[in-house]
Amino acid sequence: MTIHDRAAPTIATSSRALLEVIPAPIWLEDWSEVEVFCAEQRAAGCTDLRKLLEEDEELLRDVISRIQVNAVNGHTAMFVGAAEEEDLLGAIPGELLESSSLNSLIEQILVVWDGDAYTRLEVNGVDFGGESLPCELEWAASVVDGRPDYAHVAILIRDLREQHAEELRKQRSIERLETLLDMGRGIAATFDADLILELLVETAAELVDAERSLILMVNKDASKLVKVLGRGVPEEELETISIDEVMDGLSGVAIRTREAVRTDDIAGDPANSGLALERARINPGMSAAIAPIIVDDRVLGTLTTLNTAAGRSFSAEDLSLVRMLAGQAAVAMRNATFYEELSQSLEALQAAHLELQHTQAQLLGAQKMEAIGSLAAGIAHEINTPIQFVSDNVNFIREGAKTLTAFIAEHNEILAEIAEHPELGERVRSVQARWKDEDCDFTLEEIPDAIEETLEGTKRVSEIVKAMKEFAHPGQEELTSTDVNRVIENTVKVSRNEWKYVAEVELDLQEDLPTIPALPGPLGQSILIMIVNSAQELAANRAIESEGQGTIKVSSELVGDVVEIRIADNGPGIPPEVLPRIFEPFFTTKEVGTGSGQGLSIAHSVVVDKHNGKIWADNLHPGAVMIIQIPVVQPKKAEKGHRK
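Residues numbered from 1 in each chain as written. Predicted model: local features only at pLDDT ≥ 70, side-chain atom pairs only at ≥ 80, totals over all residues. Heavy atoms only, no water.

Participant: Go over the sheet that holds strand S9 (residues 261-263), please, and point to the residues and values.
Facilitator: Ordered in space as S8-S7-S11-S10-S9, the five strands form an open sheet in which the pairing is antiparallel. Strands at the two margins of the open sheet, each flanked by one partner only, are strand S8 (225-231) and S9. Neighbour to neighbour, the strand axes of the sheet diverge by 15 degrees on average, direction disregarded. Bridge analysis of strand S7 (residues 212-218) against S8 gives six bridges, and the strand direction is antiparallel. Across the sheet, the residue bridging to methionine 217 is lysine 227, located in S8. Here helix H11 (residues 250-257) sits on the sheet in contact with S7, S9, strand S10 (287-295) and strand S11 (298-307), set at roughly 145 degrees to S11. (Pairing = 2+ DSSP bridges. Helix = DSSP H or I, 4+ residues; strand = E, 2+ residues; numbered from the N terminus. Axes fitted to C-alpha atoms, helices over the stretch in contact; angles between N-to-C directions. Contact = heavy atoms within 4.5 Å.)

Below, the structure written as C-alpha cells:
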C-alpha cells in the first residue's frame, strides 16, 4: 500500500477495499517522525527513553502528536465511538489520549526505539465518550530490504471487553462459592437455631447482592408467624408483618407450593393480593427471589431477598442460590432440633442414673456404671456429629458420582462418534451445555472435600470409641504398666459433654513421663470424678455470678519417685470447714438427690488402697486443686516365710 501525500493522506483503492473487509478495527499510521525523534534522542546521549517519557508527559504528548493516522476502517470508528472515519485521520484525537492510554503508547514508541517491526500488548484505552476500552493491539511495521518501514505501520485491535466481563463473572462465581462455604462452616460450628437463622439472613443478602433479606418462620399449619428476621429492613416494618400479609403474597405461594418463586415487580405480580399487595405498592418495581425452608416434609418458613432499585431484578441463578441457602438452613435446623431432643433425652438418662445408689460395697461398681451411663449421652452426641456429616458426604458423593458417571459415559460415546463423524460438533456443544447445567465442575471440586470430611469424621468416631473402651476396660485387678498421660487424655475425651459448656480444659502433660504400675480403668474413673466435680462447681458459680466459661487444668509431672496428677479449676474453691471432710464416705455439700457423697470417697480408696498413693485437696486463688500421687515403683508385698 502507498501513501501518496503526507499532508493529506490517501490510500490506494485496492488497499482501501482490503482494509474495509478486515472484520476488526485496524489503523494505518505513519511513525516516521517518531523514528526521527528516537534518532535525535540517541544523538543527544539518551540511554533510557522509557524513563524520559514517563517523567515528562509534555514531551510524551509531543512525540504522540508526530504520529499520523493515514486510514482506518469502519470497525475502528464504531469501536471508539467516532461519527465518521475521517474524524480519526491526522493526529491521534485528544479524546483518545486519557492518562490511562499513555503507557501503551510509550510501549509502542519503544518498539521504534529498539528498531523492531512488531509488538503485541494488552492496553486499557478509552473511547470518544471517555469509557474504558480494554483491548489487545498488534503493532506491525512494513519491512523493506530487511528493515522496518515506520512510515507504514498497521495496528490491529482485538476487543477484550467481553473477555474481561467473563473474567469478572468467573470471579463473582468464585466469591459466591466462598460465601457458600463460609455459610456451611458457620452452620457446622453451631447447633443454635437462632444463630443459624441470623447467619442465613446475612449470607443471603451478600450472596445475591440484595438490598434486603428476610426470614419468615411459621407454625405447623401456617396460621401464625413465630419468628421474623431481616437485614436492610426497618425494624418498624418487621414488627408490622402479619401472617395474613405473608399468606396473601409470594411467600404464601412458596409455602403452599413448596417451590421457589421469583418476580421482577412484586406490585405487578398477580399472585399478590390483600395486605401483601398494599405493602408492595409502597415500593413499586421491587423484585424478589423467595425459597421455602422445608424440614422433614414440613415448611418452616421462607427465605426472601429483595431489591427496591429498578433494573436490579434477580436472575435464575440468583434464585437457585437462594434455594440452595434455604436447603442448607433446613439441614442445619433439623440438626439443631435433633441436638435439642437428644440433650433432653440425655438429661433424663443422667437423672435416672442418680437413683443407682446402694450400699457402700455396691457403690464401687455402681459408680463406674453411673459414670459410663452419664457419659453415654455425651458420647452419643459426640459420635452423632461426625457420623452426620459422614452420611451427608457419602450421599453427596453417591449422587455426584451417578451424574458424573452418566455424563462421562455419554461424553466418551460422543468422542467415539466424533472420531468417525467430525460434523457432530452440535452434539458436542449440547453435552458441554449439559456439563454446565448439571454443575459438574462444582461436583468435581466438592468431592475431594467431602471425602476429606468423611475421613475426618470416621477418625473422630474411632478416637471417641477407642477412648471409651480404654476408659471402661472391665475386670482388671492386677497393676499393669500404665501411660498416665494416655489415661488423662482418654478421660478428658469421654468426659467432654460434662465440661464443654462451662469450661475449657487445658492439658499440661510432661512428655517424658515414665510408665507406672496402675489400674488404668479405676485411675481414669478417679480423675473423671474430679473433672466432673470441677465442672459442676464452675457451672454453679457461673449461674450465681453470671460469669463466662471457667478453666480446668489437668497436669502431670514426675516429682521425685512419684507421678503427680493435678486437677485444678478457677472456681469458688472449697470452704475451709469442708476441706477436711471431702473424702469421707457419704459426705456431700450438694442438694438431696443430686449427689451420693461417694465419688471422692471412691477416688480416695482407688488411689490409696489400690495404688499405695496419696490424694489431697487444697485451695488456690482463685479455685481449688485435687492432687494425686502414685509411686513409680510399687513397694514389694511382704512374703510369707518358708524353707526350701
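Participant: Tell me about the packing of aromatic side chains, and please be specific about residues and values.
Facilitator: Considering all chains together, one arrives at two aromatic pairs under this definition. Ring plane angle 90 degrees and centroid distance 5.3 Å describe the contact between tryptophan 31 and tryptophan 139, whose orientation is recorded as edge-to-face. With tryptophan 31 in the loop between strand S1 (26-30) and helix H2 (32-43) and tryptophan 139 in strand S5 (residues 132-144), this residue pair connects regions lying 108 residues apart in the sequence. Each member of the pair, tryptophan 31 as well as tryptophan 139, is classed as buried. Look at tryptophan 139 and tyrosine 150: their rings are 6.2 Å apart centre to centre, the planes differ by 45 degrees, and that puts the pair in the tilted class. With tryptophan 139 in strand S5 and tyrosine 150 in strand S6 (residues 147-159), this residue pair connects regions lying 11 residues apart in the sequence. (Phe/Tyr/Trp six-rings, centres within 6.5 Å; stacked < 30°, edge-to-face > 60°. Buried < 20%, exposed > 50% of the residue type's maximum accessible area, 1.4 Å probe, protein only.)

Participant: So what's going on with the environment of serine 273? Residues and values would help.
Facilitator: Mapped onto the fold, serine 273 is located in the loop between S9 and helix H12 (274-280). Relative accessible area serves as the criterion here: at 36%, serine 273 is assigned to the partly exposed category. For the pair serine 273 and glycine 249, spaced 24 residues apart in sequence, the C-alpha separation works out to 6.3 Å.

Participant: Describe the pattern of salt bridges, with residues and values.
Facilitator: Within this structure, the stated rule accounts for 12 salt bridges. A salt bridge links arginine 161 to aspartate 159; its shortest N-O distance comes to 2.6 Å. In this structure arginine 161 comes out as partly exposed when scored by relative accessible area, which is 36%. Among the salt bridges present, the one from arginine 212 reaches glutamate 237, with a minimum N-O distance of 3.4 Å. Here arginine 212, found in strand S7, pairs with glutamate 237, found in helix H9 (residues 235-240); they are 25 residues apart in sequence, far enough to count as distant. Sharing partners across several salt bridges, the network here consists of Glu40, Asp62 and Arg66. (Salt bridge = Lys/Arg side-chain N within 4 Å of Asp/Glu carboxyl O.)

Participant: So, the sheet that holds S6: which residues are in play, and what are the values?
Facilitator: Taking strand neighbours across the sheet as the criterion, the six strands line up as S3-S2-S1-S6-S5-S4 in an open arrangement whose pairing is antiparallel. Looking at strand neighbours, the two that pair on one side only are strand S3 (90-91) and strand S4 (118-126), the edges of this open sheet. As judged from the nine bridges shared by S4 and S5, these two strands associate in the antiparallel manner. The residue bridging glutamate 122 from the neighbouring strand is glutamate 136, located in S5.

Participant: Account for a negative patch on the surface, naming residues and giving values.
Facilitator: Negative charge collects at one region of the surface, where Asp48, Glu54, Glu55, Asp56 and Glu58 lie side by side. Note that aspartate 48 resides in the loop between H2 and helix H3 (49-55). (Patch = residues over 30% accessible without salt bridge, like charges linked within 9 Å, V, L, I, M, F, W, Y side chains within 5 Å. Areas by Shrake-Rupley, 256 points an atom, 1.4 Å probe, with all protein chains shown as cover. Lys, Arg positive; Asp, Glu negative; His and termini not counted. Charge placed at Lys NZ, Arg CZ, Asp CG, Glu CD.)

Participant: Explain the pairing of S11 to me, using residue names and the numbers behind them.
Facilitator: In terms of burial, S11 is a largely internal element, nine of the 10 residues being buried. Bridge count between S7 and S11: six bridges; the pairing is antiparallel. Of the residues in S11, the one forming a bridge with arginine 212 is leucine 306. Pairing geometry for S10 and S11, over nine bridges, is antiparallel.

Participant: Please set out the nonpolar core residue by residue, giving values where relevant.
Facilitator: In this structure, Trp27, Trp31, Leu49, Leu53, Ile64, Ile109 and Trp139 are the most contacted members of the largest nonpolar core, which totals 42 residues. With eight residues, helix H6 (residues 99-114) is the single largest residue contributor to this core. Counting residues in hydrophobic clusters, the runner-up holds 37 residues, among them Val505, Leu513, Ala535 and Ala603. (Core = buried A, V, L, I, M, F, W, Y, C linked by side-chain atoms within 4.5 Å.)

Participant: Please give an account of the side chain of serine 556 that cites residues and values.
Facilitator: Examined against the element boundaries, serine 556 turns out to sit in strand S15 (residues 550-559). You can call serine 556 buried: its relative accessible area is 5%. From its side chain, serine 556 meets the backbone nitrogen of glutamine 510 in a polar contact 3.2 Å long. (Polar contact = N/O pair within 3.5 Å; in protein donor to acceptor, adjacent residues only side chain to side chain.)

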